[in-house]
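Okay, here's what each chain looks like letter by letter:
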Amino acid sequence: MVGAACALYAARAGLDVRVVDRGPVAGGTTGAGEGNLLVSDKEPGPELELALLSARLWERLADGPGAAAEYEPKGGLVVARTPAALAALTEFAAGQRAAGVLAEPVSAAELPDLEPHLAADLAGGVHYPQDAQVMPALAAAHLLRACGARLHTGRTVTGVIRGPDGTVRGVRTDRGDLSAPAVVNAAGTWGGDLAALAGVRLPVLPRRGFVLVTEPLPRLVRHKVYAADYVADVASDSAALRTSPVVEGTAAGPVLIGASRERVGFDRSLSLPAVRALAAGAIGLFPFLERVRALRTYAGFRPYLPDHLPAIGPDPRAPGLFHACGHEGAGIGLATGTGRLIAQALTGGTPELDLTPFRPERFDADGGDTP
Amino acid sequence: MSERVHLAVVGAGPAGLAGALAAASRGVRVTLVDAGDRAGGQFYRQPAPALNARRPQALHHQWRTWRRLADGLARHTEAGYLTHLTGHHVWCVQRESDSLAVHALLGPEQEEGVTVHADAVLLATGGYERVLPFPGWTLPGVVTAGGAQAMLKGGLVLPGRTVVVAGTGPLLLPVATGLAAAGARVAALVESASPAALLRRAPGLAAQPGKLAEGVWYAGLLARHRVPVLARHTVVAAHGTDRLTAVTVAALDRTGRIRPGTARRIPCDTLAVGHGMLPHTDLAETLGCALAGTAVRVDAEQRTDVPGVWAAGEATGVGGAALALAEGHIAGRSAAARMRGTVPDPPAWAAADRARTRHRAFSTALDTVYAPPAGWAERIPDDTVVCRCEEVTAGEVRTAARTLGATDLRSAKLLTRAGMGWCQGRMCAPAVAGLTGCPLTAARRPFARPVPLGVLAGLPDAPDGPKAPGAPEDRAADDSSPAQQ
Amino acid sequence: MNPLELTRARPGRPFTVTLDGRPVEALPGQTVAATLWAAGVPAWRTTRGTGRPRGVFCGIGVCFDCLVTVNGRANQRACLVPVHPGDAIRTQEGTGPAGGTVQGDE
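Per an unreviewed UniProt entry, chain B carries the name FAD/NAD(P)-binding oxidoreductase and comes from Streptomyces monashensis.

**Q** Give a description of the overall build of chain B that names residues and reports values.
**A** Of the regular secondary structure elements, chain B holds 15 helices and 23 strands. The C-alpha atoms of chain B give a radius of gyration of 23 Å, which matches the 23 Å a tight globule of 485 residues would have. Along the longest, intermediate and shortest principal axes, the C-alpha atoms of chain B span 70 × 50 × 40 Å. Scored against the burial criterion, the 485 residues of chain B give a buried share of 59%. Sequence separation of 24 or more characterises 64% of the internal contacts of chain B that already satisfy a separation of 6 or more. With the model as given, the accessible surface of chain B reaches about 18,200 Å², and the carbon-plus-sulfur share is 53%.

**Q** An account of the nonpolar core is requested, with residue identities and associated values reported.
**A** Within the largest apolar cluster, 121 residues are counted, with the highest numbers of intra-cluster contacts made by Trp58 of chain A together with Val142, Val164, Val247 and Leu271 of chain B. Per-element tally for this core: the top contributor is helix α2 (residues 46–61) of chain A, with nine residues. Each residue touching Val142 of chain B, except ones within four places of it in the same chain, is listed here: Phe134, Gly136, Trp137, Ala238, Leu244, Leu271 and Val273 of chain B together with Val56 and Phe57 of chain C. If you look at the next biggest cluster of nonpolar residues, it comprises 49 residues, including Val186 and Leu222 of chain B together with Phe15 and Val68 of chain C.

**Q** Describe the domain arrangement of chain A, listing the residues and the values that go with them.
**A** Residues and elements named next belong to chain A. According to the domain assignment, chain A consists of domain 1 (2–68 + 136–204 + 307–363) and domain 2 (76–128 + 205–304). The straight-line distance from the C-alpha centre of domain 1 to that of domain 2 is 27 Å. Counting residues at the interface gives 24 residues for domain 1, matched by 35 residues for domain 2. Roughly 2,200 Å² is buried in total at the junction of domain 1 and domain 2, and carbon and sulfur atoms are behind 61% of that figure. Linking domain 1 with domain 2 are two salt bridges, by the criterion used here. One salt bridge in this structure joins Glu328 and Arg261, with 3.3 Å as the shortest N-O distance. Class assignment of the residues belonging to the side of domain 1 that touches domain 2 gives a composition of nine nonpolar, ten polar and five charged.

**Q** How would you sum up the domain arrangement of chain B? Please name residues and give values.
**A** Residues and elements named next belong to chain B. Each assigned domain of chain B is listed with its residue range as follows: domain 1 (6–128 + 277–344), domain 2 (133–272) and domain 3 (380–440). Computed from C-alpha atoms alone, the centre-to-centre distance between domain 1 and domain 2 is 30 Å. Listed per partner, the contact involves 13 residues of domain 1 and eleven residues of domain 2. Together, the buried faces of domain 1 and domain 2 total about 930 Å²; carbon and sulfur atoms form 65% of this surface. Its largest share of buried area at the contact with domain 2, domain 1 owes to Arg45, Leu59 and His61, together 55% of the area lost on that side. Summed over the shared surface of domain 1 and domain 2, the number is zero salt bridges. Linking domain 1 with domain 2 are three residue pairs in polar contact (both at pLDDT 80 or more).

**Q** Help me get a handle on the pattern of salt bridges, residues and values and all.
**A** All names here are of chain A. Tallying each qualifying case throughout the model produces 35 salt bridges over all chains. Arg208 is the partner of Glu262 in a salt bridge, and the nearest nitrogen-oxygen pair spans 3.0 Å. Here the residue Glu262 occupies a position in the loop between β15 (254–261) and α9 (272–285), and Arg208 occupies one in strand β12 (residues 205–216), the gap between them amounting to 54 residues. The same class applies to Glu262 as to Arg208, namely buried. Salt bridges sharing partners connect three or more residues here, namely Arg201, Asp315, Arg317 and Asp364.

**Q** Break down the sheet that holds strand β2 (residues 29–33) of chain B for me, with residues and values.
**A** Residues and elements named next belong to chain B. The parallel open sheet is built from five strands, whose spatial order is β3-β2-β1-β7-β20. At either margin of the open sheet sits one strand with a lone partner, and together these are β3 (82–85) and β20 (309–311). Averaged over all neighbouring strand pairs, the angle between strand axes comes to 20°, with direction disregarded. As paired strands, β2 and β3 are joined by four bridges and run parallel to one another. For Val33, the partnering residue across the bridge sits in β3 and is Leu85. The strands touched by helix α1 (residues 14–24) within the sheet are β1 (6–10), β2, β3 and β7 (120–123), with β2 carrying the most contacts at an inclination of about 165°.

**Q** Explain the pairing of β7 of chain B residue by residue, including any values.
**A** All names here are of chain B. Here β7 shows no split at all, with Ala120 and Leu122 on one side and Val121 and Leu123 on the other all buried. Relative to β7, β1 runs parallel, the two sharing four bridges. Across the sheet, residue Val10 finds its bridge partner in β7, namely Leu123.

**Q** Run through the UniProt feature "domain: BFD-like [2Fe-2S]-binding" (unreviewed entry) in chain B, naming residues and quoting values.
**A** Per the UniProt record, "domain: BFD-like [2Fe-2S]-binding" (unreviewed entry) is found at residues 385–433 of chain B. Here residues 385–433 of chain B is 49% helix and 10% strand, with 14 Å between the C-alpha atoms at its ends.

What counts as what
Residues numbered from 1 in each chain as written. Chains lettered and ligands numbered in written order. Predicted model: local features only at pLDDT ≥ 70, side-chain atom pairs only at ≥ 80, totals over all residues. Heavy atoms only, no water. Helix = DSSP H or I, 4+ residues; strand = E, 2+ residues; numbered from the N terminus. Rg over C-alpha atoms; globule rule 2.2 N^0.38 Å. Buried < 20%, exposed > 50% of the residue type's maximum accessible area, 1.4 Å probe, protein only. Contact = heavy atoms within 4.5 Å. Areas by Shrake-Rupley, 256 points an atom, 1.4 Å probe, with all protein chains shown as cover. Core = buried A, V, L, I, M, F, W, Y, C linked by side-chain atoms within 4.5 Å. Domains from an automatic or database assignment. Buried area = accessible area lost by both parts, 1.4 Å probe. Salt bridge = Lys/Arg side-chain N within 4 Å of Asp/Glu carboxyl O. Nonpolar A, V, L, I, M, F, W, Y, C, P; charged D, E, K, R; others polar. Polar contact = N/O pair within 3.5 Å; in protein donor to acceptor, adjacent residues only side chain to side chain. Pairing = 2+ DSSP bridges. Axes fitted to C-alpha atoms, helices over the stretch in contact; angles between N-to-C directions. UniProt positions renumbered as here; feature names shortened; annotations may be inferred.

This is how it looks when you write it as structure tokens:
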């Protein structure tokens, strides 16, 4: 998804773009994503700024490729179970509001107006109208189609070609070299491997998540609904399984239930403890789900960097190499902003957000301070 | 209390029954876990007891084999070595620390869960029918050939009065003759393969005098019921608005293309159609068993590459009931020996081994004869629905393949929704593979059946850990299970 | 000839169920699908996309085409679920009644 967005904005900036992927379109984490375009789960700071930029860009795509990708500005609803959790959530939302987020407090009595089937024992919540959703695989495919970039799927990058002065000059693939003065690393969870091919370090790690997909239902869940503890889980550094329910209805009918987080490498095998926790959490929010059937579950691997921020921008260690990966569970949402920033960096313009917090070399032992 | 090792057999068709009986007679405690209300699977599907059929064999072949299996099941059950759990729809088998957990849903409603723990499992999950789309195949009145047979054998009902049986494969013969015997008018048996091709495969057939005799017997039955046989023909369309009223059939040339000018219309209210079978591999795949194409890969002892997991019957490659019996028998004997810590003695099952070799050779020969006619995928019109659940048309799949890069089953699913619905792609995968030009491979389906979220949420806590009284597990609990001590 | 005669079946006493309120005769032991087939009904569901009618397809619980609402509970497979005296079977439109899912909430 991030690669597709980079391709779109780079092509719109007038660049000649080639997209190389060892698998099919959306074959990695994108195809396993829920398509969350969230501002609600982000605390004030660089990631929230990127999310707000991205949300504006997604909205602008809504009439074109966004429509084909089932873009739906459905809004998010974060709920708290206890008065204490509600107080914390309300304070968190106040900070977000100061940073430009639309966040409307919702009392316990008003919750049924927004979500008639929510559990009755909740203390209250906050409504985030800017949260939206797309179908991620469709989004990636239609952005790629719209940008007109040449697509090389099923082609594996085996090396990054660098000149005598260290400048990046293209990529080597299993089906021949591709020359280019700039290479964008949008390999997601495998972005660390691609960086290594260029001789630079980028510590992207997989953080596994399961999603449950229910039988098709009438529209019983209107927003993206999650419990306030989700935010703490996202920010957690724990390797152990953490689950906090994120429940949403889709245009196509099924309800999607996320989001488990555990660091177990690239193990795709079914984890019943993970899906059990997801199911229990979802029923806690929407009791009617108890009798609703899950048709399938699948795992995806979020690309995770130690400080939970993505790597975006040029890599001073390998001139000509740009990174756009490590968005953890927010890659679909942050893709548009990332693509726009990368395109601005590629064309020598001044990116509209400060890229310093996203510097790819920030994990080096010296903090990347020495050139 | 028994100290016997415990084998769970999933599926009570020919393979599962043969495996369960072979293992139970050799000192293994067996739990036979099956979705049906009665043993038999699809091949030996029995009428509901309340229908009180005194002559069910009128709808069956090899009734003596069935009697032998049923008697063995009763004997071992009586002796306490075999527990037959009916109405248990297995949705997942998982390895736990020192056992395998078989998770099932109870009864036809499938709203309540139970878990059976065993030392090893034999997956005898059978198969389901492949149907390749054509215009009108979603009309009420169009059913799978096996579905018409299952409804007849189990419910003693006919799908309609005038039936066309069509497609390809050895199943069409018993379906046509069975429906005719039960009183339906079979207006035509439409088979896309040609008898000449069957004869060209004579080496495979010559080794099977029994099969040839069966063929002759079916020919006699077809003649007796005056069923017109249209070999090297295919159904090109089914007609009707809210239900089937007719089909158009046409002749195929030697290369499998439709011969112009041969189309004709046959009025009917039912079309029973099938193009062969596909294995149920979901449980094996989720356990991590290696697959070969669309089937579970097994060794000479019917072992998968996951320790403690055997597989037999259609799940390991479609080949019919006789092959399933041989494979199940070998699996049961191998499991019995290995679970008790001894080395199996293959010469002891030499007869089953020979039968297995013979039937596999035969089914390989049949596979080449009964291949779908060339060009079937190109012939599907753009406006024909291929994914029945999500109503995705052939044209949508083609467009996604051409313009969005949907050139494999997973991408096609993500980009068109074909395969995302209730059946999880079991019905449409062959067509989507044909339309996108990719090979048909077994999908990953961690849930072999839809599972209520309440059942997932109520899964037992720690593997092999203490269970709360009244926990769902206790319903199927067997206090002699080593896994529960 | 019919299948009951062929197999010399002596089913128990027939009972009545309803399809969309109309009485339908059923035999003990039969599934919802078998009962409706015996009554000459080939379809009892409309699809959620185009509203097309559907009935039994695979007959063995794999394809989910025969989904039906029985006693208010949507998405039952007619080919698996046995009939009981008095069952209220309803043609299922699309995803079926939400009431089958959201019990007591509305």
